Each structure stands twice: as C-alpha cells, then as structure tokens.
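Observations on the three-dimensional arrangement
The primary structure of each chain is shown beneath.
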Amino acid sequence: MDLTYSDEEESFRRELRAWLGKVLPGLPPKPSPGDWPGRRAYDLGWQRALYDAGYAGLHWPADAGGRGATPTQHLIFLEETERAGAPYVGANFVGLLHAGPTIAAEGTDEQRRRWLPPILRGEEVWCQGFSEPDAGSDLAALRTRAVRDGDSYVVSGSKIWTSHAEVADWCELLVRTDPDAPRHRGITWLAMPMDADGVTVRPLRTLAGSEEFAEVFLDEVRVPVSYRVGEENDGWRVTMVTLSFERGTAFVGEVVACRRVLGELARAARANGRWDDDGLRRRLGRLAAEFTALWRLTQWNVSEAEHSARGGVPGVGGSVFKLRYSKARQELYDAAAEVLGAVGALDAEQEWVADRLSSLSYTIAAGTSQIQQNIVAERILGLPKGR
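In this report, the structure presented in the accompanying data block is examined. Since the structure is predicted, the reported quantities are computational estimates derived from the model, not experimental observations.

The secondary structure content of the protein amounts to 11 helices and 8 strands. The 387 residues of the protein split such that 50% are buried. Sequence-distant contacts, at least 24 apart, represent 72% of the contacts inside the protein between residues at least 6 apart.

Below, the structure is given as structure tokens:
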C-alpha cells in the first residue's frame, strides 16, 4: 500500500477543507447529550449537508449511491473532518457503518433502492438488534424467534444494548428461523420497521448517565419476507459481513479522534506543569506511537477491504485492529485522568469523564476482546478451535 498522496488526492483534500471551512461555522449548536430527538435531528441535518455536497457515502460503490472514492480519499475525508471538528455520524452510525454497507453487499437491487438512499440523504436512522440478555458474546445463542406466516415473519423475543433504538426508524435484526438447525445455521437477518405493532423500546442508562442504548421487546411483530437480507437461515454468514464492517472500518474516525485527544493532553500537561514528569512524557510518547501504528493498520484494513475480492467487505484484520484499539483507548483515557487530575477532570472537563467511562465498554462492544483473540488465533494463526 502506497501511503503517499497523489496530486489528485491533495486536490481532493483542498476541496474538502474549503467546503468544511465554509459550512461548519453555520451549523446550529449541538444539542445536549440527553436530548436524543434533538441529536437525531442534528445528526440527520449534518448527513443531509454531506449528501448535498457529494460527500455522503463517499467510499460506497457508485451503484449503491456512493461516490466510489478511493481508500485514500476516504481516509483523507476522515482526517480532515475530524481535524476540523465536524460532527461525526452520531445516531446515523448503524445505518452508515453497519446496515448500509451490509445491504450494499448482500441486498437485492430492490432492497438497495429502498434503504440505501434514505440512509445517505439523512432521512432514516437504523439501530442494531443483535445482542440478547443471554446471547451477547455468544451471539449464536440468540433465541428471538421468527415464524414464517405467508408473506411475513412473526417475531417474538427481546434484544438488549440496542444502540439508538429510541430514535431509530429501522432495526437490523437477527432472529432464529429454524430452532432445530445447528446454532449457526438457523439464523436470519431481517430489516424491521421500528414503528411496527408489537415493538416496545425501554431506554437503558449507562455508567456515564447517557441513554443511547435500549432494551427492545418484540411481541408477535410482523416483518415482511421481502425485508429479509440474504436467504432464510443464512443470517449468520450475513452477520459476519455486518461484523466485519463493525470491527474493520467503523472505528476509523475514532482513531483520528484519539490522535487529536492525545495532542490536547500533551498541551494540557505543558499548561498545568505535568510535562516535567518523565514517566508521563514516556507514557504519552508510547501512546503516540501506538495510535500512529493503529492508524497505519487502519489504512491497510480500509485499503484491503476496498480492493478485496469480497466486494469491499473487510477481512479478519479488523479483529487485530479492534483488539488493540480497545485497550489503547482505555490507556489513553487513563492517561487523561493522570494529566487532568481528579479536580480538573470532574469540575472543568466533564467530557473527559464521559469519554473515560465509555472507554471501559470498548473491550466488550462489537465483540469482546476474548472473541477477537479467538478469531485471530483460529483464522489468522490457524490454531485449532478450543474445546
């Protein structure tokens, strides 16, 4: 992979910087963290601005509504928007980073026409209905049942840790359609409208006090068979496509953000006198090297996905990235607490507190570190499966 930038790519960077410099000052104030209807409207508004400017789904294939940008242009877009302080995907993240790419890769032409344009235009929000109270890391143990009844599936069960369910229009939903099949072979991937009869959403409050997760209860919810992505009972394979996007390329913007945070920590340490601590400087230097390496791995993963025979689906290298990134992010916010101190973190920098608390979840979210270790051991190193 060539890590240098061509004249065309640098021209793209200048064009993007100019657009960001023009549009960002005119954005409305960001809503408060607990105002999810307001945050939905804000995030959808930003997505619409990207769409109108030709930057929505930048790296999606042209036949899926994207711009068909190169991997390097995609990475430049992430670098520049983060450096400029532009909004991130927010409530749109499941649609833009998980469900949308999965539908682009696995959906029918009709499904792609129905669901991809509203995601790109900032008109519909998606949530993810994968985990259940007894099926988190062991996702194949899911028990939410879907029974075929004519042209519909009748779905009953419950999901947990469903991101942005309270403001979502659609849910990428995993259900069991054949209870007698082996665990991985009786699962189906459905797109469920969140306003369907029988859907109940109960928000969950996190350690940081936010409510971006929810429990979702399904009581004989009817989902048209035409909303099935992939074949019946082939949902596990489709799910692996979704999880490949989630682990392989969905975190790329966050790596850029972490590198920015690290620079802010160094400046804060110089300002409050902590920079004289040799141990702290070594710690921040090691983290700088860590995130530089993670950014290079990100570049490789994105490039590998875009040029692979799998049609843009990331490979197992995403698990290598996810495994190390989760730990590095926790170490970064531990260092933030050391730099800011208890008083500074709690009184002056509330955002640091929320970020540090949320960092604890990263070794669990999108597949636990133990799951990632198993994937690396079995699929990359070729080690035998554990008993």
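This paragraph deals with the environment of G65. Among the structural elements, G65 can be located in the loop between α2 (36-53) and α3 (71-83). Here the alpha-carbon distance between G65 and P117, two residues 52 residues apart in the chain, equals 6.5 Å.

A separate point is the environment of V256. In this fold, V256 is placed in helix α7 (residues 252-272). For V256, a relative accessible area of 8% translates into the label buried. In the structure, V256 is positioned 181 residues away from L75 in sequence and 9.6 Å away in space, judged by C-alpha atoms. Once residues lying within four places of it in the same chain are set aside, the contact partners of V256 are L78, E79, E82 and W295.

Turning next to the packing of aromatic side chains. Two aromatic rings, taken as a pair, are described by how far apart their centres are and by the angle between their planes. Evaluated as defined, the whole model comprises 10 aromatic pairs. Between W161 and F213, the ring centres sit 5.9 Å apart and the planes meet at 90°, which makes this aromatic pair edge-to-face. With W161 in the loop between β3 (152-159) and β4 (170-176) and F213 in strand β7 (residues 213-224), this pair connects stretches of sequence that are 52 residues apart. Three or more aromatic residues joined by ring pairs make a cluster, and in this case those are F12, W19, W46, Y55 and F77. Cation over ring: R270 sits above W275, and NZ or CZ is 4.1 Å from the ring centre.

With 13 residues, helix α5 (residues 109-121) extends 18 Å between its outermost C-alpha atoms, agreeing within 8% with the 18 Å of an ideal straight helix rising 1.5 Å per residue. Listed as buried for α5 are Q111, R112, W115, L116, P118, I119 and L120. If you follow the buried residues of α5, they end up packed against α2, α4 (93-106), β1 (126-129), β4, β5 (187-193) and β8 (228-229). Phi turns positive one or two residues past the end of α5, at G122, with a value near 75°.

The next thing to look at is the nonpolar core. Ranked by size, the top nonpolar core spans 66 residues in total, and within it Y55, F77, W126, W189, F291 and L332 carry the most contacts. Among the elements that make up this core, the one with the highest residue count is helix α9 (residues 317-348) (8 residues). Within the second largest apolar cluster, 23 residues are counted, among which are A146, A196, A214 and V223.

Next up on the list: the side chain of T162. Inspection of the secondary structure assignment puts T162 in the loop between β3 and β4. For T162, a relative accessible area of 1% gives the class buried. Other than its neighbours up to four places away in sequence, T162 contacts C127, Q128, G129, E212, F213, A214 and V216.

The rules we used
- Residues numbered from 1 in each chain as written.
- Predicted model: local features only at pLDDT ≥ 70, side-chain atom pairs only at ≥ 80, totals over all residues.
- Heavy atoms only, no water.
- Helix = DSSP H or I, 4+ residues; strand = E, 2+ residues; numbered from the N terminus.
- Buried < 20%, exposed > 50% of the residue type's maximum accessible area, 1.4 Å probe, protein only.
- Contact = heavy atoms within 4.5 Å.
- Phe/Tyr/Trp six-rings, centres within 6.5 Å; stacked < 30°, edge-to-face > 60°.
- Lys NZ or Arg CZ within 6 Å of the ring centre and 35° of its normal.
- Expected span 1.5 Å × (residues − 1).
- Core = buried A, V, L, I, M, F, W, Y, C linked by side-chain atoms within 4.5 Å.

That is the geometry; function is a separate question.
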